[in-house]
2 protein chains.
Amino acid sequence: MRTKNPREPLSRERALATAVTLADAEGIPALTMRRLAAELGVEAMSLYHHLPGKEGLLDGLADTVVGEIDVAVGRAAVTGTGGDWRTGLRRRFLAAREVMLRHPWAPALLGSRPTIPTGVYAYYDGILATLLSAGFSHRLAHRALHAFGSLALGFTQEVFRPARAGGNTDVDGAAAELAAMAEALPHLTAMVAAEAHDPADPTLGWCDSQVEFEFTLDLLLDGLERARR
Amino acid sequence: MRTKNPREPLSRERALATAVTLADAEGIPALTMRRLAAELGVEAMSLYHHLPGKEGLLDGLADTVVGEIDVAVGRAAVTGTGGDWRTGLRRRFLAAREVMLRHPWAPALLGSRPTIPTGVYAYYDGILATLLSAGFSHRLAHRALHAFGSLALGFTQEVFRPARAGGNTDVDGAAAELAAMAEALPHLTAMVAAEAHDPADPTLGWCDSQVEFEFTLDLLLDGLERARR
DNA sequence: ACCTGAACACCGTTCAAGT
DNA sequence: ACCTGAACACCGTTCAAGT
């Protein structure tokens, strides 16, 4: 993990790159000023010459992710004109999603930053250009931006996820817990049972997020297409 | 603010109630174990007899909010049967939203908790019951739950919000910043100008969140109604 | 200009001791 | 049983000092 290299001097770019690597490997909680400095082979206080404190580091990290999205979107063909605005946005959002899948900590970071990373504005400006050139009014385009929300950045807010995603090895305890829940939650229990037992279904298992993401995305795109006409 | 009262002994309920009050008044960052203890007129370590540490405190806080949602939803009429599933869910989500507006810190807290508050499952089970009794398949109901996401709890993820919501008094600096942005963001600038200048429009101003919330909600409800048939 | 060591003011939490 | 004081192992950050 250690990326110490006395040759190249410390810089904002090098610090942020190492921060991304550290967050990927051990998560945001491991990203302390002292720890990051250690990874860079430097003292914690040296970071303050290149970054304006911890908050500035997190802002820089968010900006870096948005930059990665721009690169990914650039590789996908998203600048179709006129009628196929839906295809363009769909490709764009799915490209953004691939960046999020590489950096599982990024959704929570982007969602919790008190100030929006500046690159996000330019990103949404591009989406808006697509909508306007497809004939959307400013009113409807405005509402579309809000309706997309974080979908445009490739993620949905996971407010409903399995109880212990963080690796619960207490299988018996989990099973007992689930049994106790079943009585209190008859409909959810039935749904899980029904959804998990159809072997012909490519969305098999509990919550294939990619499929859900695309389902919601298409629901919104279709609804907006109808509102546009 | 101090709620010290030697008469009633410290308890989990009293600690959580004071935590909610403290978070409402000064935000989640002010909610430290030491500070909460001080508000309760007690030493920080006493809290550990009633709450399993800081994470447990935050979990308890999230549970408390979900409990408030249940109360608010109970007051609204949401148990319509058969055909008016849309009206029922709409009332329910808007009732939940009122709780969120009372506790501005709650969306971020619910979105960032590593483990889901237990009350959330029961809440979603109720939503699912509505969908199933309206004739939804398990498949479509499952997708509907994911499509709603945090909308069901009364909030959307604010990934696109004004630059300095936290009270920027540097008006000139903000204006200059905006002017510099305008050149780089032609479409967004035009949209803001268009959206802000229609005096007949009840969504006047930059981002009436309530209207946007309801627009997205109806977009999803209409799309699901179409998918259901 | 860039980096450092020591120190400061905070955290959450453990633990032995009180009552 | 409930609460406490002192201490521990961390934080982010300031500051004067080095080169």
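Our subject is the structure that appears above.
All values reported here derive from a predicted model rather than from experimental measurement.

**Q** Honestly, the relation of the copies chain A and chain B in this entry has me stumped. Any pointers?
**A** For the match of chain A to chain B, the screw axis carries a shift of 0.0 Å, the RMSD comes to 0.0 Å, and the turn is 180°. In short, the pair behaves as if placed about a two-fold rotation axis. Mapped onto chain B, 100% of the interface residues of chain A again fall at the interface, so both copies present the same surface.

**Q** Is there a simple way to think about the packing of aromatic side chains in this case?
**A** Aromatic ring pairs are defined here through the distance separating the ring centres and the angle between the ring planes. In this structure the tally under the stated criterion is six aromatic pairs over all chains. Between W85 of chain A and F136 of chain A the ring centres are 4.9 Å apart and the planes differ by 75°, which places this aromatic pair in the edge-to-face class. Taken together, the residues span a long stretch of sequence, with W85 of chain A in helix 4 (residues 85-102) and F136 of chain A in the loop between helix 6 (118-133) and helix 7 (138-148) at a distance of 51 residues. A relative accessible area of 1% places W85 of chain A in the buried class. With relative accessibility at 5%, the residue F136 of chain A sits in the buried group. With a centroid separation of 6.1 Å and 90° between ring planes, the pair formed by Y123 of chain B and Y124 of chain B is classed as edge-to-face. The class of Y124 of chain B is buried, set by a relative accessible area of 1%. The ring centre of F213 of chain A lies 4.5 Å from the NZ or CZ of R97 of chain A, which sits over that ring.

**Q** In this structure, what is going on with helix 7 of chain A? I would like to understand it.
**A** Residues and elements named next belong to chain A. Taking burial as the measure, the eleven residues of helix 7 include nine buried ones, the bulk of the element. Taken residue by residue, helix 7 has L140, A141, H142, R143, A144, L145, H146, A147 and F148 as its buried positions. Following helix 7 by one or two positions, G149 has its phi on the positive side, about 55°.

**Q** I tried to follow the pattern of salt bridges on my own but got confused; where do I start?
**A** Side chains that differ in charge, positive against negative, can pair when their charged atoms come close. Residue and element names in this part refer to chain B. Counting across every chain of the model gives 18 salt bridges over all chains. The residue E26 makes a salt bridge to R35 at a minimum N-O spacing of 2.8 Å. The exposure class assigned to E26 is partly exposed, which follows from its relative accessible area of 41%. Between R86 and D222 there is a salt bridge, with its nearest N and O atoms 2.5 Å apart. In this pair, R86 is assigned in helix 4 (residues 85-102) and D222 in helix 10 (residues 209-228), connecting sequence segments 136 residues apart. Its relative accessible area of 30% is what places R86 among the partly exposed residues. With relative accessibility at 34%, the residue D222 sits in the partly exposed group.

**Q** Which parts of the structure should I look at to understand the protein's contact with DNA strand C?
**A** Around DNA strand C sit 15 residues in total, of which S46 and H49 of chain A together with R34, Y48 and K54 of chain B are the nearest. Backbone atoms, meaning sugar plus phosphate, form 50% of the atoms of DNA strand C positioned within 4 Å of the protein. In the environment of DNA strand C, a base nitrogen lies 2.2 Å from a nitrogen or oxygen atom belonging to the side chain of R34 of chain B. When its residues are assigned to classes, the surface near DNA strand C shows six nonpolar, five polar and four charged.

**Q** Could you clarify how one ought to interpret the protein's contact with DNA strand D in this entry?
**A** Within the structure, DNA strand D sits among 15 residues, and R34, Y48 and K54 of chain A together with S46 and H49 of chain B are positioned closest to it. For DNA strand D, the backbone portion of the atoms within 4 Å of the protein, that is sugar and phosphate, comes to 50%. Y48 of chain A has a polar side-chain atom sitting 2.7 Å from a phosphate oxygen of DNA strand D. With respect to DNA strand D, the side chain of H49 of chain B contributes an N or O atom lying 3.2 Å from a base nitrogen. Secondary structure elements with two or more residues in the surface near DNA strand D: helix 2 (33-39) and helix 3 (53-75) of chain A. The residue makeup of the surface near DNA strand D, split by class, is six nonpolar, five polar and four charged.

Each value, and the rule that gives it
- Residues numbered from 1 in each chain as written.
- Chains lettered and ligands numbered in written order.
- Predicted model: local features only at pLDDT ≥ 70, side-chain atom pairs only at ≥ 80, totals over all residues.
- Heavy atoms only, no water.
- Least-squares fit on C-alpha atoms with pLDDT ≥ 70 in both.
- Contact = heavy atoms within 4.5 Å.
- Phe/Tyr/Trp six-rings, centres within 6.5 Å; stacked < 30°, edge-to-face > 60°.
- Helix = DSSP H or I, 4+ residues; strand = E, 2+ residues; numbered from the N terminus.
- Buried < 20%, exposed > 50% of the residue type's maximum accessible area, 1.4 Å probe, protein only.
- Lys NZ or Arg CZ within 6 Å of the ring centre and 35° of its normal.
- Salt bridge = Lys/Arg side-chain N within 4 Å of Asp/Glu carboxyl O.
- Near = heavy atom within 4 Å.
- Polar contact = N/O pair within 3.5 Å; in protein donor to acceptor, adjacent residues only side chain to side chain.
- Nonpolar A, V, L, I, M, F, W, Y, C, P; charged D, E, K, R; others polar.

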